[in-house]
Amino acid sequence: MDVAAYSTSGANAPLERTTITLRDLGPKDVLADIAYAGICHSDIHQAREEWFGGIFPMVPGHEIAGHVAAVGSDVTSFAVGDRVGVGVFVESCNECENCAKGLQNYCLKGFTPTYNGRDKAGNPTYGGYAAAIVVDENYVLRIPENLPLDVAAPLLCAGITTYSPLREWGAGPGVRVGIMGLGGLGHMGVKIAHAMGADVTLISHSPNKEDDGRRLGADHFLLSSDKAAMKAAEGTLDLIINTVSASIDMDAALSLLKTDGTLVSVGLPDEPLKVSTFTLIAQRRRLAGSNIGGLAQTQEMLDFCAEHGFGSDVEVVPADQVNEAWDRVVASDVRYRFVIDTASLKS
Ligand code: NAP
Ligand code: ZN
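Residues numbered from 1 in each chain as written. Chains lettered and ligands numbered in written order. Predicted model: local features only at pLDDT ≥ 70, side-chain atom pairs only at ≥ 80, totals over all residues. Heavy atoms only, no water.

Trainee: Would you mind showing me how to read the overall build of the chain here?
Mentor: Scanning the chain from N- to C-terminus turns up 11 helices and 17 strands. The C-alpha atoms of the chain give 20 Å as radius of gyration, which agrees with the globular expectation for 347 residues (20 Å, within 12%). Expressed along its principal axes, the backbone C-alpha trace of the chain runs to roughly 60 × 40 × 35 Å. Burial statistics for the chain: of 347 residues in total, 56% are counted as buried. For the chain, long-range pairs separated by at least 24 residues make up 67% of all intrachain contacts whose partners lie at least 6 apart in sequence. With an accessible surface of roughly 14,200 Å², the chain has 50% of that area assigned to carbon and sulfur atoms. Separation of charge centres in the chain, based on 27 positive and 43 negative side chains, amounts to 6 Å. (Helix = DSSP H or I, 4+ residues; strand = E, 2+ residues; numbered from the N terminus. Rg over C-alpha atoms; globule rule 2.2 N^0.38 Å. Buried < 20%, exposed > 50% of the residue type's maximum accessible area, 1.4 Å probe, protein only. Contact = heavy atoms within 4.5 Å. Areas by Shrake-Rupley, 256 points an atom, 1.4 Å probe, with all protein chains shown as cover. Lys, Arg positive; Asp, Glu negative; His and termini not counted. Charge placed at Lys NZ, Arg CZ, Asp CG, Glu CD.)

Structure below.
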């Protein structure tokens, strides 16, 4: 089946309209008509080869929301018309001890990414900047009825990437949580940590984001360039989720942690983070990382957001404005996630 998509031919090339061929529907496959696809900063890092070499042509997009258009003969969990989402991966080995625990995101054989990867058959995978996608039903999530699809799409990456470490490290009442960076991930981190009942501090390098941060659920605001305020806040936080896409002053961030506090980095700058061991040992601080979340936890996060009545704050753009949207993401000029209206691809 041929469908319209936006793809890039190389690291320095713009995204352009194209046609891609989806694989034939297998017995366990779902064909989803994509309604919206979020623009994650990882799309840009990968297409511009900021992390590693890419597979081109590349159709990015791993925050996908839409409706089931067809199902294979053995599909049991979904029917035509269902509201569904697809996130960052579309296959895993299903045999290793992590897959057995529902941690497909840490599959020991490596999961198949939704795009910029090769599936088990060896074919390149294409993501959500397209009119449709074919995915094994086990990797398809259910989007609750009360979440509109445009605000639900970013939950499939930005939502689960912040929800997972907040859950794993016990965010909740009485826990002082810092969220670093108010972008796509960070604004979900603020909303989710607030909904979990934590006391939330937004740490931002943008002085003009304080009002938004507080509106989204932050109790406190710290401007990372305000040395006096950063000094005064040292030793006050239990948990920090660092969502920043660039290198930051890690020692200043770690110093905000209390004794035994943990900083979880989810942001993926292209350079290694520089940390002084002295800052870690001074208060037995911990530095950790986290990568999206498993399928069951992703469904739990979607249900949690629906229960609390929020999705992402989105700016919806037609597909032909995707290059401008990317430039604005790089300039930290998005409030707070661009979502492509993929229906615009059908016209
Ligand atoms: P985004 O929307 O661009 O947000 C990044 C935020 O980082 C910006 O809004 C800005 O917040 C801050 N920032 C940007 N440049 C900065 C600089 N030079 N100095 C200090 N702060 C800066 O990106 P995103 O989509 O949320 O993604 C964030 C990062 O997470 C990316 O590197 C992405 O690849 C990565 N990621 C990781 C996972 C995972 O599973 N681990 C999943 C998805 C994405 P302020 O203006 O508030 O400072
Ligand atoms: Zn992402």
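Now that the structure has been shown, we can carry on.
Trainee: Which parts of the structure should I look at to understand the pairing of strand β16 (residues 314-318)?
Mentor: Consecutive side chains of a regular strand alternate in pointing toward one face of the sheet and then the other. Sheet analysis places β16 next to strand β17 (residues 337-341), joined by five bridges and oriented parallel. By the bridge assignment, P318 is partnered in β17 with D341. Since β16 and β17 lie parallel, the crossover through helix α11 (residues 322-330) that links them has a hand, and here it is right-handed. (Pairing = 2+ DSSP bridges. Right-handed = clockwise from strand over helix to strand, strands pointing away.)

Trainee: I'm lost on the pairing of strand β12 (residues 220-223) in this one. Help?
Mentor: Pairing geometry for strand β11 (residues 199-204) and β12, over four bridges, is parallel. Bridging from a neighbouring strand, I203 pairs with L222 of β12. In this region the chain leaves β11, passes through helix α6 (residues 210-216) and returns to the parallel neighbour β12; the handedness of that crossover is right-handed.

Trainee: Explanation requested: the domain arrangement of the chain in the structure shown.
Mentor: Frequently, the measure chosen for interface size is the accessible area that the parts lose on association. Split into domains, the chain comes out as domain 1 (2-157 + 293-346) and domain 2 (159-289). Spacing between the C-alpha centres of domain 1 and domain 2 amounts to 27 Å. Between domain 1 and domain 2, the contact holds 23 residues from the first and 26 residues from the second. Overall, the association of domain 1 and domain 2 removes approximately 2,200 Å² of surface from exposure, summing both partners, and the carbon and sulfur fraction of that is 56%. Considering only the side of domain 1, the residues that lose the most area to domain 2 are Q297, F304 and Y336, jointly responsible for 29% of the buried surface there. Viewed at the interface, domain 2 and domain 1 are joined by four salt bridges. Here R167 and E300 are joined by a salt bridge, their closest N and O atoms 3.3 Å apart. Taken together, the connections running from domain 1 to domain 2 amount to 18 residue pairs in polar contact (both at pLDDT 80 or more). For the side of domain 1 that touches domain 2, the secondary-structure elements that each account for two or more residues are α1 (41-47) and α10 (295-308). It is α10 that provides the largest number of residues to the side of domain 1 that touches domain 2, a total of six residues. (Domains from an automatic or database assignment. Buried area = accessible area lost by both parts, 1.4 Å probe. Salt bridge = Lys/Arg side-chain N within 4 Å of Asp/Glu carboxyl O. Polar contact = N/O pair within 3.5 Å; in protein donor to acceptor, adjacent residues only side chain to side chain.)

Trainee: Teacher, can you tell me more about the coordination of the zinc ion (ligand 2) here?
Mentor: Six octahedrally arranged donors around a metal ideally form angles of 90 or 180 degrees; four tetrahedrally arranged donors ideally form angles of 109.5 degrees. Around the zinc ion (ligand 2), the protein contributes the donor atoms C40 (SG), H62 (NE2) and C157 (SG), which lie 2.0 to 2.3 Å from the metal centre. Each donor residue of the zinc ion (ligand 2) belongs to the same chain, with the gaps between them written as C-x21-H-x94-C. Here the residue H62 occupies a position in the loop between α1 and β4 (64-71), and C157 occupies one in the loop between α3 (149-152) and α4 (158-168), the gap between them amounting to 95 residues. (Donors = N, O, S within 2.8 Å, 3.2 Å for Na, K, Ca; no water.)

Trainee: Is there a simple way to explain the site of ligand 1 in this structure?
Mentor: Around ligand 1, a shell composed of 29 residues is seen, among which H41, S204, H205, S206 and R337 lie nearest. Interatomic distance of 2.5 Å between a side-chain N/O atom of S206 and an oxygen atom of ligand 1. Relative to its unbound accessible area of 920 Å², ligand 1 is 91% covered by the protein chains. Looking at the shell around ligand 1, the elements that each hand over two or more residues are α1 and α5 (184-195). Ranked by residue count, the leading element in the shell around ligand 1 is α1, at three residues. The residue inventory of the shell around ligand 1, partitioned by class, reads 11 nonpolar, 16 polar and two charged. Counting contributing residues, the shell around ligand 1 receives three or more from each of domain 1 (2-157 + 293-346) and domain 2 (159-289). (Near = heavy atom within 4 Å. Nonpolar A, V, L, I, M, F, W, Y, C, P; charged D, E, K, R; others polar.)

Trainee: How should the packing of α4 against α10 be read in this particular structure?
Mentor: Helix-helix packing is described using two parameters, namely the angle between the two axes and the distance between the axes. Orientation of α4 relative to α10, taken along the N-to-C sense of each, is 100 degrees, at an axis distance of 10 Å. Considering the angle they form, α4 stands roughly perpendicular to α10. Counting all contacts with α4, which are made through G159, I160, Y163, S164, R167 and E168, the residues of α10 involved are Q297, T298, E300, M301 and F304. Of the residues that constitute the contact of α4 with α10, the class distribution is four nonpolar, four polar and three charged. (Axes fitted to C-alpha atoms, helices over the stretch in contact; angles between N-to-C directions. Parallel < 35°, antiparallel > 145°, perpendicular 65-115°, else oblique.)

Trainee: What should I look at first to understand the nonpolar core in this one?
Mentor: In a soluble, globular protein the nonpolar side chains are often hidden away together inside. Judged by nonpolar contacts, the single largest core of 62 residues is most densely connected at L166, V177, V190 and I192. Considering every element that reaches this core, the biggest residue donor is α10, with six residues. The residues touching L166, leaving out its near neighbours within four places in the chain, are A171, V177, G189, I192, A193, M196, L239 and I241. (Core = buried A, V, L, I, M, F, W, Y, C linked by side-chain atoms within 4.5 Å.)

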